[in-house]
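Given next are the chains, with one letter for each unit.
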Amino acid sequence: MTDIKLIEALSNAPGAPGFEDEVIDVVLKHKGSLKAKKDSLKNLYLYPKNYDASKPTIMLDAHLDEVGFIVSYIDQNGLLGIEMLGRWEWYNVSAHLFKVRNRNGQYIKGIVGSKPPHFLTPEEQDNGLTMKDMKLDIGATSREEVMDTFGIEVGAPIVPDVTFDYNDKNQTMLGKAFDNRLGCAAVIETLKALENEDLPVNVVGALAAQEEVGLRGATVTARRVDPQLAIVFEGTPSDDYAKPVELSQARMGHGPQIRHKDSSYIANEDWISLANKVSKTQSIPIQHAVREGGGTNAGRIHLNNLGVPVLVLGVPSRYAHTHHLFASFEDFNHTVQLAAESIKAIDQSFLDKFEVDFD
Ligand SMILES: [Zn+2]
């Protein structure tokens, strides 16, 4: 079973899109005997010791980055303009604690300001504010103080200031960036679970940068790894707060989610039936999702080269794209188990299903 400390370290690491370095450091610390390689986009590849170029490769994807911000200007009052890196709603940002990286790599705490009710116009009271009204306040009173005393410049990355917590009474994790540090942890744990297996495929990890700004890293990882099959791990948004049980497709504590369709891809049926079969024989609870919107790195990976069958497994996470998320450690462990057992169930006849010649 996974050491919760891995998820804790990944969740706490700051990693706005384009600034994934500290998440990479955590992965390198926990990679064991896997070989690692980084590229210019800050994608991180994890190769098993027994990689064999003559075998087909299955790529395990997750993205390293989390939704954050970047400093866009510094005004005369010492307030920082912020530009979104990934999608936020203003009401999840206002009056929340963030931290911004200075030129020495230190993190300075700040609050995104909130307009006191005293100053709201009647229109703002009815309709709320917009992202344009949001500024980060680090407690400085001038532009000079921000730049000279705090060492903060335009272009500095900003992430939520949140510390991971774990409740072992019900195996519930509370922290930031479960989208997609749970996926990163699942890639590492699945690779380790299969390390000593004799498989007809290579299993390669590809931790992608910049997913939250448009699936950019995975465009390149897929090209480099050039897989025959892939699994995408996600901290998928839980809908049990927003929907009644009968409509819910991502209830926390009810097992990994298999995604059949979203706006980025339609799943491969053969891959899904293998996972379904494994979930039955191994008694792993699963949930099925057909999403109206949303998207994952599968959107890029399944169209790579001549096409790649992709299985998307999600760990339901409550309150995605906010500071504080809940997720079940049991769901996480079931996700790793489902992935590892599905890969073990792959044989030649399964691999032959995807490319067929007819006489
Ligand atoms: Zn996301």
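Residues numbered from 1 in each chain as written. Predicted model: local features only at pLDDT ≥ 70, side-chain atom pairs only at ≥ 80, totals over all residues. Heavy atoms only, no water.

1. Quick look at the packing of helix H1 (residues 4-12) against helix H5 (residues 178-194)
The contact between H1 and H5 brings their axes to 9 Å, and the two run at 140°. One element, H1, and the other, H5, form an angle in the oblique class. Judged by the twist between their axes, the crossing of H1 over H5 is right-handed. Counted together, Leu6, Ile7, Leu10 and Ser11 of H1 and Phe178, Arg181, Leu182, Cys184, Ala185, Ile188 and Glu189 of H5 form the full contact between these two elements. Its residues assigned to classes, the contact of H1 with H5 comprises eight nonpolar, one polar and two charged. (Axes fitted to C-alpha atoms, helices over the stretch in contact; angles between N-to-C directions. Helix = DSSP H or I, 4+ residues; strand = E, 2+ residues; numbered from the N terminus. Parallel < 35°, antiparallel > 145°, perpendicular 65-115°, else oblique. Left-handed = near helix turned anticlockwise from the far one by under 90°. Contact = heavy atoms within 4.5 Å. Nonpolar A, V, L, I, M, F, W, Y, C, P; charged D, E, K, R; others polar.)

2. Comments concerning the packing of aromatic side chains
On inspection of all chains with the given rule, the structure shows 11 aromatic pairs. The interplanar angle of 90° and the centroid separation of 5.7 Å between the aromatic rings of Tyr47 and Tyr51 together place this pair among those described as edge-to-face. According to the relative accessible area criterion, Tyr47 is buried, its value standing at 19%. The exposure class assigned to Tyr51 is partly exposed, which follows from its relative accessible area of 36%. For the pair Phe329 and Phe332, a centre-to-centre distance of 6.3 Å together with 5° between the ring planes defines the contact as stacked. In this pair, Phe329 and Phe332 are both assigned in helix H9 (residues 329-344), three residues apart and thus about one turn of the helix distant. For the pair formed by Phe329 and Phe332, the shared burial category is buried. (Phe/Tyr/Trp six-rings, centres within 6.5 Å; stacked < 30°, edge-to-face > 60°. Buried < 20%, exposed > 50% of the residue type's maximum accessible area, 1.4 Å probe, protein only.)

3. A few points about the coordination of the zinc ion
Within the first shell, the zinc ion binds the protein through Asp179 (OD), Glu212 (OE), Glu212 (OE) and His321 (NE2), at distances of 1.9 to 2.7 Å. Note that the zinc ion binds four donor atoms; their angles at the metal cover 53 to 149°, and the shape is irregular. Taking the relative accessible area as the measure of exposure, Asp179 reaches 11% and is therefore buried. The class of His321 is partly exposed, set by a relative accessible area of 23%. (Donors = N, O, S within 2.8 Å, 3.2 Å for Na, K, Ca; no water. Tetrahedral: all angles 85-135°; square planar, octahedral: opposite > 155°, others 65-115°.)

4. Some details on the environment of Leu199
With respect to the helices, strands and loops of the structure, Leu199 is situated in the loop between H5 and strand S12 (202-208). Accessibility expressed as a relative area gives 9% for Leu199, which makes it buried. Through-space distance from the C-alpha of Leu199 to that of Gly15 is 34 Å; in sequence the pair is 184 residues apart. Residues in contact with Leu199, not counting those within four places in the same chain, are Lys55, Leu194, Ile343 and Lys344.

5. With respect to the pattern of salt bridges
Any two side chains of opposite charge can pair, so long as their charged atoms come close to each other. Scanning the entire structure with this criterion turns up 12 salt bridges. One salt bridge in this structure joins Lys135 and Asp75, with 3.4 Å as the shortest N-O distance. With Lys135 in strand S8 (residues 135-137) and Asp75 in the loop between strand S4 (68-74) and strand S5 (79-85), this residue pair connects regions lying 60 residues apart in the sequence. Lys135 gets classed as partly exposed once you look at its relative accessible area, which sits at 26%. With relative accessibility at 15%, the residue Asp75 sits in the buried group. Each of Glu66, Lys176 and Arg181 takes part in a single network of salt bridges with overlapping partners. (Salt bridge = Lys/Arg side-chain N within 4 Å of Asp/Glu carboxyl O.)

6. A closer look at the UniProt feature "active site" (unreviewed entry) in the chain
Taking the numbering used here, the UniProt-annotated feature "active site" (unreviewed entry) corresponds to Glu211. Residue placement: Glu211 occurs in the loop between S12 and helix H6 (216-225). Setting aside its immediate chain neighbours within four residues, Glu211 contacts His63, Asp65, Arg216, Glu234, Gly295, Thr296 and Asn297. (UniProt positions renumbered as here; feature names shortened; annotations may be inferred.)

7. Topic: H5
Here H5 spans 23 Å end to end across 17 residues, near enough to the 24 Å set by a 1.5 Å rise per residue. Where burial is concerned, most of H5 is hidden: 15 out of the 17 residues are buried. (Expected span 1.5 Å × (residues − 1).)

8. Describing the environment of Ser248
Within the secondary structure, Ser248 is located in the loop between strand S13 (229-234) and strand S14 (257-262). In sequence terms Ser248 and Ser238 are 10 residues apart; their C-alpha atoms lie 8.4 Å from each other. Not counting chain neighbours up to four residues away, the residues in contact with Ser248 comprise Asp239, Asp240 and Lys243.

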